Every structure is written in structure tokens, then in C-alpha cells.
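The chain contents come next:
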Amino acid sequence: MTFTTRVLECESASVSFQSDSPVITSSETRDALQQASEELRNLQTVAFPTETVYGLGALALEPTAAARIFSTKGRPPDNPLIVHVSSRDMLLRVLPKGYTISRTYEILMKHFWPGPLTLLFPSDPTLVPSVITAGHLTVAVRMPSHPIARALIALTDAPVAAPSANSSGKPSPTRAEHVFHDLQGKLGIVLDGGPCGVGLESTVVDGLQEDGNLRVLRPGGVTVEDLERVVREELSDLAAPPQVLVHRRDYRDEAMEQAPTTPGMKYRHYSPSVPVTLLLTQSHPPPGVQRTPLPAFLETLLSDSRKLGKPLRVGVLAPSDSPLLDKLSAAPSADIEWTRHPLGPIAEPSVTAQRLFDGLLSLDRAKVDIILIEEIQEEREGLAVMNRVRKAAGDSLWVEL
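Residues numbered from 1 in each chain as written. Predicted model: local features only at pLDDT ≥ 70, side-chain atom pairs only at ≥ 80, totals over all residues. Heavy atoms only, no water.

### Topic: the nonpolar core
In a soluble, globular protein the nonpolar side chains are often hidden away together inside. How we decide: Buried Ala, Val, Leu, Ile, Met, Phe, Trp, Tyr and Cys residues form a nonpolar core when they are joined through side-chain atoms within 4.5 Å. Relative accessible area decides the class of each residue, using a 1.4 Å probe on protein chains only: under 20% of the type maximum gives buried, over 50% gives exposed, and in between gives partly exposed.
Residues Phe 121 and Leu 191 are the most contacted members of the largest nonpolar core, which totals 79 residues. In this structure, Val 274, Leu 278, Ile 371 and Met 386 belong to the second largest nonpolar core, which totals 25 residues.

### Regarding unusual backbone geometry
Selection criterion: Secondary structure elements are defined from DSSP: runs of H or I of at least 4 residues count as helices, runs of E of at least 2 residues count as strands, and each element is numbered from the N terminus.
A cis amide bond links Trp 113 with the next residue in sequence, Pro 114, at an omega value of -10°. Note that Pro 114 resides in the loop between α4 (103-112) and β7 (117-122). Even without being a glycine, Ser 19 presents a positive backbone phi close to 60°. With respect to the element layout, Ser 19 can be found in the loop between β2 (15-18) and β3 (21-24). By relative accessible area, Ser 19 is classed as exposed at 63%. A positive phi angle, close to 60°, is found at Asp 157, a residue other than glycine. The topology assignment puts Asp 157 in the loop between α6 (147-156) and β9 (160-161).

### Overview of the side chain of Ser 164
Worth spelling out the cut-off: Think of a polar contact as two N or O atoms within 3.5 Å of one another; within protein, one of them needs to be a possible hydrogen donor and the other a possible acceptor, and neighboring residues in sequence only count if both atoms come from side chains.
Looking at where Ser 164 falls in the secondary structure, it is placed in the loop between β9 and α7 (176-183). Accessibility expressed as a relative area gives 14% for Ser 164, which makes it buried. A distance of 2.5 Å separates the side chain of Ser 164 from the side chain of Asn 166, its partner in a polar contact.

### Describing a negative patch on the surface
Using the following cut-off: Excluding any residue in a salt bridge, patches collect residues exceeding 30% relative accessible area, merging like charges within 9 Å and nonpolar Val, Leu, Ile, Met, Phe, Trp and Tyr side chains within 5 Å. Computed with the Shrake-Rupley method and a 1.4 Å probe, the accessible areas treat only the protein chains shown as cover for residues. Only one rule defines a salt bridge in this text: a Lys or Arg side-chain nitrogen within 4 Å of an Asp or Glu carboxyl oxygen. His residues and chain termini do not enter the charge count, which takes Lys and Arg as positive and Asp and Glu as negative. Here the site of a charge means atom NZ of a Lys, CZ of an Arg, CG of an Asp or CD of a Glu.
Negative charge collects at one region of the surface, where Glu 9, Glu 11, Glu 28 and Asp 31 lie side by side. As for its placement among the helices and strands, Glu 9 is situated in strand β1 (residues 6-9). Looking at Glu 9, the relative accessible area reads 52%, which means it is exposed.

### Observations concerning the pattern of salt bridges
With the rule as written, the count across this model stands at 17 salt bridges. A salt bridge links Arg 215 to Asp 211; its shortest N-O distance comes to 2.7 Å. Its relative accessible area of 16% is what places Arg 215 among the buried residues. Judged by its relative accessible area of 43%, Asp 211 falls in the partly exposed class. Across the salt bridge formed by Glu 299 and Arg 306, the nearest N and O atoms sit 2.8 Å from each other. The class for Glu 299 is partly exposed, based on a relative accessible area of 39%. Members of the salt-bridge network, linked through shared partners, are Asp 226, Arg 229 and Glu 233.

### A word on the side chain of Ser 86
Threshold: Whether two residues are in contact is decided by their heavy atoms, any of which lying within 4.5 Å being enough.
Locating Ser 86 in the fold gives a position in the loop between β6 (82-84) and α3 (88-94). The residues contacting Ser 86, other than those within four sequence positions of it, are Asp 20, Met 143, Arg 150, Ile 153 and Ala 154.

Next up, the structure:
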């Protein structure tokens, strides 16, 4: 089915919440939300802004609607979806009858909901379709803080499943125009709520294991440091407070990687249509691997240019105060055309997170031949940034500046 895709502008500042009910002061925004809500109730997909990235939503408890997410994105069926709710009451409608939420989860919800934190809960297959959970016994749930997202879910009065609103494998969209350029003709409505504030997907946490620890399955908008602080402040009375463990940093789970319980773990993601190379300028190379001097790396780019028979167009994503940007730009050559997309100060990884996907998509649309991304420290939001960069990059190289 081919759609005429409409982009409907929404004024985020016109939406507020009294308890769990949205108050909308802009008639244009109210009309756009009502049209999108009707589209969802008609079992179609709708793209809408969240604080993390733009989401492609459909009714989570309707298998026919949820299946349209997969066909629209070209998403593998074994990649589960996150369910979005607008209130605690709506959360309880997703969970097994009589289920008691743990003290740890209650604390995390108090501090980070609404917000970019997804929690794994037990799933009742008679309530949540297997197309959402990929047949697992858990369901991932979050409550978005973006007023347009939360208002849309509340007006629809139903949980909404929503992965990122992009073709599977591409960088996640952080602006409505990203969605439109990618999915035009594949859905009817895109709600334009402006650029996303966080810019990376939510942090996914599994707190259901017997040891009580919090396992970060996917780093994201809530940092590991934030989680550790809240555990330290709120659960200090326990003899053994939960540990915060990051998948692939603090532990491995090969079985889960092959059959993931949450998105973003199994498949290659976030890749534009041009090659991406990760330049490792800070971390130590493994034993036996030598750093490549920057002039030698530049010579490989010049060689690529000679093979093309024209100047090589190189996009660069790096912190705005990184020495790499100046050294690349200072390299004298008419055979390389540099397109810089600064990612903000080194000391502010949250800015890098906000700009990363926009940078990948902007450089892709600028038709560069290759994209270079410089690594940043894996601290605070930098952990989530590097998680996405490693999935996007087809190659990596240790470089000596």
C-alpha cells in the first residue's frame, strides 16, 4: 500500500499534563494529535517525536497493527519492540494480572519516568502479542517524556509499540524531515515536534534476574552513572544493593545476543548508505596492533581519490574541540574535500549524543564518499554514543594524531 505522507506540525510547548491527562492549548496541535490518534486506532502506523528519536508507532496490543511496523521498516521479526505508555495505569494494563512491581523498579520509575528509560517486565502472552516480544516471556516498556508522544498515547488510550521511524539498519531519525525522506509513501502521518532533545534511543534495563542486579542491555539516554547514583541514594539500606552491570562491558550473554529480549542487540544498526570508519584516537590498541600515523592514513584516502579519478568527499564527525578536525583540514590536498559536522565539546558527551544521528544522516544526504567518526570517552552519554558508532562503522582504525 502506498500512502500520501503528511507532515503535521505540533507545538510541544502547547502540551502539558494534569495528572495523566494532556492539556493542549494549540488548536493546530490538538487537531494533528487527533488525526494521528485516529490513524492508530485504524490499525495504521504513525511517526511521532520522542525525547530520544522519532518513533514509528502502532497499537501494541493489536497484532495486525504491530505487524505493520515490521513491514514498513523492513524489520526482522525476531527483533522485539518497546511498548510505550502514558501513565502507570496504562502500564498495569500491559502487565500480568496481580503482578507486583519490585521496589527497585518503583525507584527507577520515580526518578526516570517519564523519560528515556526502558524496563523489562514479565509478559502475559494472552495480553501482549508475540509479534511485540518476539516470543519471549518479557516485554520492554517505557513512558516517554516528550509531550507530543505522551499526549498521542494518552489520547489514543492504548499502549503504543514504537521502534525508531527509519528503514531497518539505517541511522535513527531525530527530525521529522529525516523520517519523511526515508519513509515517504510508507505511512500516512508524521508528527513534527522539532528535533529530539536526547538524540539516542532509551537505556534498556533488565532487573528481573534472581540476583536482583540491574543489567543494562542497551545504553542510552539515562546514563549508567545516573542509575548507579539512584541505587546508591535510594537502596543504601540493603545489605547488598543491586549492581549496575553493562552488557559486553561487565558480562556476556551469548544466548541472549542470538535471541535478544530488547532491540538493538543482534543486528547491525545505524548505518548510512556510505562506508563509515571509526578512528580510535584515545583507547589503547590490542597487543600486536600499532597505531597508524595520521599522514599514512591520509595517504590511503588520497589513493582512494586517485582510483575514483576525482576528489574524495570525506565527511568527518568529531568533537568540535578535537585536534583531529584541525589536522585533517590542514592537510594540503586538492584531492580531498572535507565536510565537517562538529559533535560539540569533548567535555559534553550529551551534545555529541544529540548530534550523532543527525550528523550521519546529513553527511549521507550530502553524498560524501566516506564518513569518519572519531571515538569519544565511554563515560556518561559517551557509552551510548560509542555503542551506536561501533554498530554503524564497517571498519575501525587506531590512529596516531
